[in-house]
Amino acid sequence: MHYFHNSEQSKNVGFSLCPHLLLRRRRRFPELSSSLLHHSQDQTCLPTSHPISVACVGVRSCSSRAAAPIRVMAAEAEILYAPDMESRPSAPRSKQALISLSDKTDLAFLGKGLQELGYTIVSTGGTTSALENAGLSVSKVEHLTRFPEMLDGRVKTLHPHIHGGILARRDQQHHMEALDKHGIGTIDVVVVNLYPFYDKVTSAADIEFEDGIESVDIGGPAMIRAAAKNHKDVLVVVDSHDYPAVLEFLKNGGDDQQFRRKLAWKAFQHVASYDSAVSEWLWRQTTGEKFPPSLTVPLSVKSSLRYGENPHQKAKFYVDKSLAEVNGGGIATAIQHHGKEMSYNNYLDADAAWNCVSEFSDPTCVVVKHMNPCGVASRGDILEAYRLAVKADPVSAFGGIVAFNVEIDENLAREIREFRSPTDGETRMFYEIVVAPKYSKKGLEVLRGKSKTLRILEAKKNKKGKLSLRQVGAGWLAQESDDLTPADIKFNVVSGTTPQESGLEDAEFAWLCVKHVKSNAIVIAKNKCMLGMGSGQPNRLESLRIAMRKSGEEVKGAALASDAFFPFAWNDAVEEACQSGIAVIAEPGGSIRDQDAIECCNKYGVSLIFTNVRHFRH
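Residues numbered from 1 in each chain as written. Predicted model: local features only at pLDDT ≥ 70, side-chain atom pairs only at ≥ 80, totals over all residues. Heavy atoms only, no water.

Asker: An account of a nonpolar patch on the surface is requested, with residue identities and associated values reported.
Answerer: A cluster of nonpolar side chains, namely L295, V297, L299, V301, Y318, L469 and W476, defines an oily patch on the protein surface of about 650 Å² accessible area. Secondary-structure assignment places L295 in the loop between α13 (257-286) and β9 (299-305). When its relative accessible area of 47% is taken as the criterion, L295 is described as partly exposed. (Patch = residues over 30% accessible without salt bridge, like charges linked within 9 Å, V, L, I, M, F, W, Y side chains within 5 Å. Areas by Shrake-Rupley, 256 points an atom, 1.4 Å probe, with all protein chains shown as cover. Salt bridge = Lys/Arg side-chain N within 4 Å of Asp/Glu carboxyl O. Helix = DSSP H or I, 4+ residues; strand = E, 2+ residues; numbered from the N terminus. Buried < 20%, exposed > 50% of the residue type's maximum accessible area, 1.4 Å probe, protein only.)

Here it is, written out as structure tokens:
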């Protein structure tokens, strides 16, 4: 930066001053030194292809020895816009593609293809280096803007020479005249993906707040949104999977507006998902409140499904990309090792089975049909647990989902493969899905031999504390997940009869099972094995009768758990349970007729336990 007070000082400048600009400035500022004007007239004006950046920034009264100060800055450093500069002549417009990528997958392929189609590539930072290393010629973005990167990289592309070239509508004459006036070229292709904010904030739990904030991309989303808005004239690309189609599109003339709209949609969706991650992370840094006043859930298609719940319904399966789901486990992130593609109902049933079996600490097997556990057993010997779980309801288990909370080794795999139905001892059990946390190499090999269609899933346990979402017409219900286990609550004996230790263990086991059964729900269990369950009935008495019928004679001395309180006791569910031989009943309590339930149990010598926790499941 220089301030000239006389013509002698100005002679030391290594470039010439345009007399036309100075004449205009002199008409506006009579005090302008005539000696400076005289000096500039002795020089040759720079050609328009190398414009000099000169602006008068201030004039003040001065002595005869000093002219008005003029600030002159080199063109390679900055451009100072002179508001009354005449329009620059139009130059032939070359095809330009701006590329700025964090994820540089297939960058060389794209760059080579664009150059072969006659595009000049403009790029930034590491993308420039990667393109040059691939042998491609690149123009740096600062050469286009004639303005250096600043503020530690925060400002690189936020410049009229970038956004003017992207946003100008080619069919609007005054837009193109404005570009000509300011010497701005059009940008025809914008290829941008964003700083890896998602990866940054999920890579470590203790990331510093400032590190997270510095990973928020500003210039990238601005360019993507600008290009997507003007997609009629500018092709916007955010996904490397689209590179081959984009090059083919440009090769064929680039006139398909539907293709341009699809890429524009993808661009806005890309930015929306990015912003949702930033918003979710910032909310967590601001408050511990689990329910924000506004919520965006980013979903990404994992697979197309043959159909939905029924064949006439189309369906797809989406993965939740929320930060809260990172490393959160669950069926959506399960690895499928074998079998047919998953269906809509397969996902629902597999999720129900996996969520249930993951609740147990002992080696456990769970069999599920239509999202209800129809067989559950815990044993030190997982083979025995499997047999008992199937035995609880072999008819329902056939064609169901079987889940384990331990590794499936060769022995267990052979048992699953060869086990015959307890109903006839001959029919080999058939399953839709097997789910486990891991498989031995031999176990997986054996299990694959059971059926070509058997789906074999390897899943991680669901993380606790997640937000549970459920859709209703025109809205969503959000709640905390039901994560309570027997260890989290107190089992209060309210009857005159105290249960034996084994009875209490059975009550806890039944209570853990019943939370996974559709309401109205009743589970009867003994020796850490489900004997029978009743689910989904409009009245609790009917659910009780179904559970007792499935339990048969084994009901005597067993424990019963109910997902909610019993509204009536005498001549109703409580008395029928007592009369059948049930030894322990576990229920939440809370009915206005709780005393009736206590007196009924006392009459039959049954232990009654209040948990003070309800487990409705609709």
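Asker: Requested: an account of the pattern of salt bridges, with residues and values cited.
Answerer: Evaluated as defined, the whole model comprises 23 salt bridges. Note that E280 and R284 form a salt bridge whose closest N and O atoms lie 3.8 Å from each other. Of this pair, E280 and R284 are both found in helix α13, 4 residues apart, which corresponds to roughly one turn of the helix. Owing to a relative accessible area of 47%, R284 belongs among the partly exposed residues under this scheme. In this structure, the salt-bridge partner of E480 is K290, at a minimum N-O distance of 4.0 Å. Linking E480 in strand β18 (residues 475-480) with K290 in the loop between α13 and β9, this pair joins segments that are 190 residues apart in sequence. Accessibility expressed as a relative area gives 32% for K290, which makes it partly exposed.

Asker: Now, about helix α12 (residues 243-251): what can you tell me, with residues and values included?
Answerer: Where α12 is concerned, the buried positions are Y243, V246, L247, F249 and L250. Down the axis, α12 shows its buried residues gathered within 160 degrees of arc, on one side only. Where α12 is buried, its residues meet α4 (107-116), β7 (189-192), β8 (235-237) and α13. One or two steps after α12, the chain reaches G253, where phi turns positive at roughly 110 degrees. (Arc of directions from axis to C-beta. Contact = heavy atoms within 4.5 Å.)

Asker: Explain the sheet that holds strand β15 (residues 431-436) residue by residue, including any values.
Answerer: Across the sheet, 6 strands lie side by side as β11-β16-β15-β14-β12-β13; this open sheet has mixed pairing. Strands at the two margins of the open sheet, each flanked by one partner only, are β11 (335-338) and β13 (372-378). With direction set aside, neighbouring strand axes in the sheet form an average angle of 20 degrees. As paired elements, β15 and strand β16 (residues 455-458) share 4 bridges and run parallel to each other. Bridging from a neighbouring strand, I433 pairs with R455 of β16. The sheet strands contacting helix α15 (residues 382-391) are β12 (364-369), β13, β14 (400-404) and β15, and the helix crosses β12 at an angle near 25 degrees. (Pairing = 2+ DSSP bridges. Axes fitted to C-alpha atoms, helices over the stretch in contact; angles between N-to-C directions.)

Asker: A description of the packing of aromatic side chains should follow, citing residues and the corresponding values.
Answerer: Under the counting rule described, the total for this entry stands at 11 aromatic pairs. Centre to centre, the rings of F360 and F509 are 5.4 Å apart; their planes meet at 45 degrees, and the pair counts as tilted. Of this pair, F360 sits in the loop between α14 (344-357) and β12 while F509 sits in helix α19 (residues 501-514), and the two are 149 residues apart along the sequence. For F360, a relative accessible area of 9% translates into the label buried. You can call F509 buried: its relative accessible area is 6%. (Phe/Tyr/Trp six-rings, centres within 6.5 Å; stacked < 30°, edge-to-face > 60°.)

Asker: Which residues make up the sheet that holds strand β6 (residues 139-140), and what values go with them?
Answerer: One open sheet holds the 5 strands; their spatial order is β6-β5-β4-β7-β8, and the pairing between them is parallel. Of all strands in the sheet, those with a lone pairing partner are β6 and β8, marking the two edges. One ladder, built from 4 bridges, connects strand β4 (residues 96-100) with β7; its direction is parallel. Within β7, the residue paired with S100 across the bridge is V192. Lying on the sheet, helix α11 (residues 219-229) is in contact with β4, β7 and β8; it crosses β7 at an angle near 145 degrees.

Asker: Explain helix α22 (residues 594-604) to me, using residue names and the numbers behind them.
Answerer: Of the residues making up α22, those classed as buried are D594, A597, I598, C600 and C601. Projected down its long axis, α22 shows its buried positions confined to an angular sector of 165 degrees, all on one face. Elements that come into contact with the buried residues of α22 comprise α21 (573-580), β23 (584-587) and β24 (607-610).

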